[in-house]
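Here are the chains, one letter per residue:
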Amino acid sequence: MALNPQKPVFQHPDLMVSVSGIRGIIPTGLSPDVIFHSLMAFGSRLKGNTVVIGRDSRPSGAYIENIAIGIMLGMGKNVIRLGIVPTPTVKAVVAQSGAAGGIMISASHNPVIWNAFKFIGPGGFFTNAEDLEGLLDLVRKEDYKPFQFKPNTDVEDGTDRIQAHIDSVLARVNISAIKRKKFTVFLDAVNGGGSFVLPELLSRLGCKVILQHCTPDGTFPRPPEPTPDALKQSSRLIKKSKADIGFALDPDADRLVVLSPKKGAISEELTLPLSFMSYLTSNSLPKKASITVNLSTSFVNDWVADSVGIPTYRSKVGEANVVAEMIHRKSVFGGEGNGGVIDPAIPSFGRDSLSGVAHILNLLALKGEDAETVIGSLPAVHMRKIAYKIAGQKTEQIYSKFRSAFSEYKEDSRDGLRLANQDSWIHIRPSNTEPILRLIGEARTKKDLESLLNKAGKIMENS
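Rules of the game
- Residues numbered from 1 in each chain as written.
- Predicted model: local features only at pLDDT ≥ 70, side-chain atom pairs only at ≥ 80, totals over all residues.
- Heavy atoms only, no water.
- Helix = DSSP H or I, 4+ residues; strand = E, 2+ residues; numbered from the N terminus.
- Rg over C-alpha atoms; globule rule 2.2 N^0.38 Å.
- Buried < 20%, exposed > 50% of the residue type's maximum accessible area, 1.4 Å probe, protein only.
- Contact = heavy atoms within 4.5 Å.
- Areas by Shrake-Rupley, 256 points an atom, 1.4 Å probe, with all protein chains shown as cover.
- Lys, Arg positive; Asp, Glu negative; His and termini not counted.
- Charge placed at Lys NZ, Arg CZ, Asp CG, Glu CD.
- Core = buried A, V, L, I, M, F, W, Y, C linked by side-chain atoms within 4.5 Å.
- UniProt positions renumbered as here; feature names shortened; annotations may be inferred.
- Pairing = 2+ DSSP bridges.
- Right-handed = clockwise from strand over helix to strand, strands pointing away.
- Polar contact = N/O pair within 3.5 Å; in protein donor to acceptor, adjacent residues only side chain to side chain.
- Axes fitted to C-alpha atoms, helices over the stretch in contact; angles between N-to-C directions.
- Phe/Tyr/Trp six-rings, centres within 6.5 Å; stacked < 30°, edge-to-face > 60°.
- Lys NZ or Arg CZ within 6 Å of the ring centre and 35° of its normal.

1. Focus on the overall build of the protein chain
Item 1. Within the protein chain, the secondary structure is distributed over 15 helices and 21 strands.
Item 2. Against the compact-globule benchmark of 23 Å for 463 residues, the protein chain has a radius of gyration of 22 Å, which places it among compact chains.
Item 3. Its C-alpha atoms give the protein chain principal-axis dimensions of roughly 60 × 55 × 45 Å.
Item 4. Burial status across the protein chain gives 59% buried among its 463 residues.
Item 5. Within the protein chain, counting contacts between residues at least 6 apart in sequence, those at least 24 apart form 69% of the total.
Item 6. With the model as given, the accessible surface of the protein chain reaches about 18400 Å², and the carbon-plus-sulfur share is 51%.
Item 7. The protein chain carries 55 positive and 47 negative side-chain charges, and their two centres are separated by 3 Å.

2. Section: the nonpolar core
Item 1. Counting residues in hydrophobic clusters, the biggest one holds 66 residues, and the most contacted among them are Leu201, Leu205, Ile245, Phe247, Leu274, Phe276 and Leu361.
Item 2. With eight residues, helix α12 (residues 353-367) is the largest single contributor of residues to this core.
Item 3. Core analysis: the next-biggest nonpolar cluster, separate from the first, contains 33 residues, Leu30, Leu132, Leu136 and Tyr144 among them.

3. Here's the deal with the UniProt feature "domain: Alpha-D-phosphohexomutase C-terminal" (unreviewed entry) in the protein chain
Item 1. Under the UniProt annotation, the feature "domain: Alpha-D-phosphohexomutase C-terminal" (unreviewed entry) is placed at residues 405-452.
Item 2. Annotated as 17% helix and 44% strand, the span residues 405-452 places its first and last C-alpha atoms 11 Å apart.

4. Examining the pairing of strand β3 (residues 50-55)
Item 1. Buried residues dominate β3, accounting for five of its six residues.
Item 2. Bridge analysis of β3 against strand β4 (residues 78-84) gives six bridges, and the strand direction is parallel. By the bridge assignment, Thr50 is partnered in β4 with Asn78.
Item 3. On the question of chirality, the crossover connecting β3 to the parallel β4 by way of helix α2 (residues 61-74) is right-handed.
Item 4. The sheet contact formed by β3 and strand β5 (residues 101-105) spans five bridges and is parallel. Its bridge partner being in β5, Arg55 is matched across the sheet by Ile105.

5. Quick look at the side chain of Ser296
Item 1. Within the secondary structure layout, Ser296 lies in the loop between β13 (291-294) and α10 (300-307).
Item 2. Polar contacts involving the side chain of Ser296 include one to the side chain of His427, which spans 2.5 Å.
Item 3. Setting aside anything within four residues of it in sequence, one finds Ser296 in contact with Glu269, Val317, Met383, Trp425, His427, Arg429 and Ile440.

6. Concerning α10
Item 1. Burial in α10 covers these residues: Val300, Asn301, Asp302, Val304 and Ala305.
Item 2. Where α10 is buried, its residues touch α9 (271-282), β13 and β14 (312-315).
Item 3. One or two residues past the end of α10 sits Gly309, with phi positive at roughly 75°.

7. Focus: the sheet that holds strand β11 (residues 256-260)
Strand pairing in a sheet is mediated by backbone hydrogen bonds. Such pairs are either parallel or antiparallel.
Item 1. Taken together, five strands build an open sheet; the order of strands is β9-β8-β10-β11-β12 and the sheet is mixed. The sheet is open, and its two edges are formed by β9 (208-212) and β12 (264-265), each paired on a single side.
Item 2. When β11 meets β12, the two strands line up antiparallel, connected through two bridges. If you follow Leu259 over to β12, its bridge partner there is Ala265.
Item 3. Lying over the sheet, α12 contacts β8 (184-188), β10 (245-249) and β11, oriented at roughly 170° with respect to β10.

8. Structural notes on the packing of aromatic side chains
Item 1. The final tally for this structure, using the stated rule, is eight aromatic pairs.
Item 2. An angle of 40° between the planes, with centres 5.7 Å apart, marks the rings of Tyr279 and Phe333 as tilted. Highlighted residues: Tyr279 in helix α9 and Phe333 in strand β15 (residues 333-336), separated in sequence by 54 residues.
Item 3. One aromatic cluster is present, built from ring pairs that chain together Phe42, Phe117 and Phe119.
Item 4. The side chain of Arg329 reaches across the aromatic face of Tyr313, ending 3.9 Å from its centre.
Item 5. Sitting over the face of the ring of Trp425, Arg418 holds its NZ or CZ atom 4.6 Å from the ring centroid.

9. Here we look at helix α7 (residues 197-204)
Item 1. For α7, the complete set of buried residues consists of Val197, Leu198, Pro199, Leu201 and Leu202.
Item 2. Turning to α7, the residues buried within the fold contact α3 (87-97), α5 (162-170), β8, β9, β10 and α12.
Item 3. Downstream of α7 by one or two residues, Gly206 has phi in the positive range, about 75°.

10. Observations concerning the UniProt feature "domain: Alpha-D-phosphohexomutase alpha/beta/alpha" (unreviewed entry) in the protein chain
Item 1. Per the UniProt record, "domain: Alpha-D-phosphohexomutase alpha/beta/alpha" (unreviewed entry) is annotated on residues 19-143, 164-260 and 278-377.
Item 2. Helix makes up 45% of residues 278-377 and strand makes up 15%, while its end C-alpha atoms are separated by 13 Å.

11. With respect to the environment of Asn301
Item 1. Secondary-structure assignment places Asn301 in helix α10.
Item 2. Dropping the residues within four chain positions of it, Asn301 is found in contact with Leu272, Pro273, Val293 and Thr312.

12. Considering the side chain of Asp56
Item 1. With respect to the helices, strands and loops of the structure, Asp56 is situated in the loop between β3 and α2.
Item 2. In this structure the side chain of Asp56 is engaged in a polar contact, spanning 2.9 Å, whose partner is the side chain of Arg58.
Item 3. Dropping the residues within four chain positions of it, Asp56 is found in contact with Ile84, Met104, Ile105, Ser106, Ala107, Ser108, Gly193 and Pro251.

Next comes the structure, spelled out in structure tokens:
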């Protein structure tokens with residue numbers, strides 16, 4: 001999205017602004033000017049008196065948190081300060097408290113030198129593209145509400161409110177069945193926002209927890225994105241442990257990867273279908289039920305949905321886009337293939353690792369099967385995700401070449417370019433969170449995937 005040409009500070013190459021947030025490298029991209037203007041614009045748009053603020057464990061988090069609190073107080077807002085928490089917890093507290101909005105300070109899976117604002121509106125929903133444009137318009141005009149400090153404004157320690165989010169997750173599963181299993185659970189929180197809240201959830205489910213990287217000290221002991229390569233150490237450790245199952249998080253704990261006692265880290269694409277299977281074991285499907293996933297998500301979800309005779313709808317990539325489509329379709333469940341589980345009955349109504357953990361343990365407990373058996377019941381995922389550093393102006397040329405090479409495939413151009421047939425698909429799009437072009441492909445077999453990617457690779461080499 002093009003930003004204000006009158007404010008060159010918002011055009012810095014170390015800054016990215018999208019529906020996924022305002023994020024940049026500290027201090028060049030997410031500079032003091034960007035922080036100030038972003039917060040003033042957000043505060044000016046709030047139509048209530050209370051804002052919820054949380055952060056992950058990045059070293060720059062406390063610095064930005066204190067600026068955010070000061071500006072919100074200066075604009076006459078009360079602040080509920082949650083400290084180091086998952087993004088979904090901030091969203092849930094906004095919804096449950098009736099706050100005007102929320103601010104999560106986290107650059108998610110980006111390296112530790114990055115940080116970001118994820119702005120949350122009423123009801124706990126992320127700001128969408130229209131909201132973002134409204135915020136940017138205020139920045140362009142510097143049309144902010146004036147500081148209006150009110151003597152009765154206050155900063156509330158909101159740690160007690162975190163339990164309400166956990167309660168809402170527990171209400172979606174069979175607590176007694178899970179407790180009877182006395183699961184031993186391995187947890188790798190990358191020393192991030194889930195370091196306190198996820199162990200608390202597991203404790204309330206009667207689990208013994210093996211803690212790995214659950215000290216939020218400002219360091220990420222592994223790459224923050226929970227990929228199989230990043231989780232090699234945790235994969236080795238769970239195999240040596242006596243854990244029944246394991247989970248790994250990203251720094252703001254909205255993404256979840258499952259670790260198997262025998263295989264270690266499995267594809268993040270399986271987190272959502274496993275969680276959806278838990279929903280299906282515990283709930284009767286309403287008429288016209290559906291599931292919604294994004295355009296880059298595995299068709300393993302379609303396989304689960306087909307097994308109960310309901311359709312799978314697809315949205316643009318990005319949590320706000322998936323949620324909007326879920327609301328439009330009245331979907332009973334949804335999410336993204338990056339390990340993002342969305343249960344609309346939980347007030348975070350977005351990607352929520354607490355939801356995923358509880359649902360997957362619920363599935364194991366109700367089925368009475370171990371993790372290897374349940375995971376093995378799903379089709380294998382044959383997918384690959386590749387990142388290319390290519391200037392944005394070349395994307396249309398690249399799309400044109402793909403259209404020609406895959407002319408027999410059905411096209412979806414809502415978000416980049418997705419080309420699909422019955423047995424395979426490929427999706428090319430600029431990232432919302434990094435200055436790269438993502439290429440994702442999936443096929444029913446490993447051989448077909450290799451053929452698909454070889455064909456795609458030749459196009460990219462000549463672009």
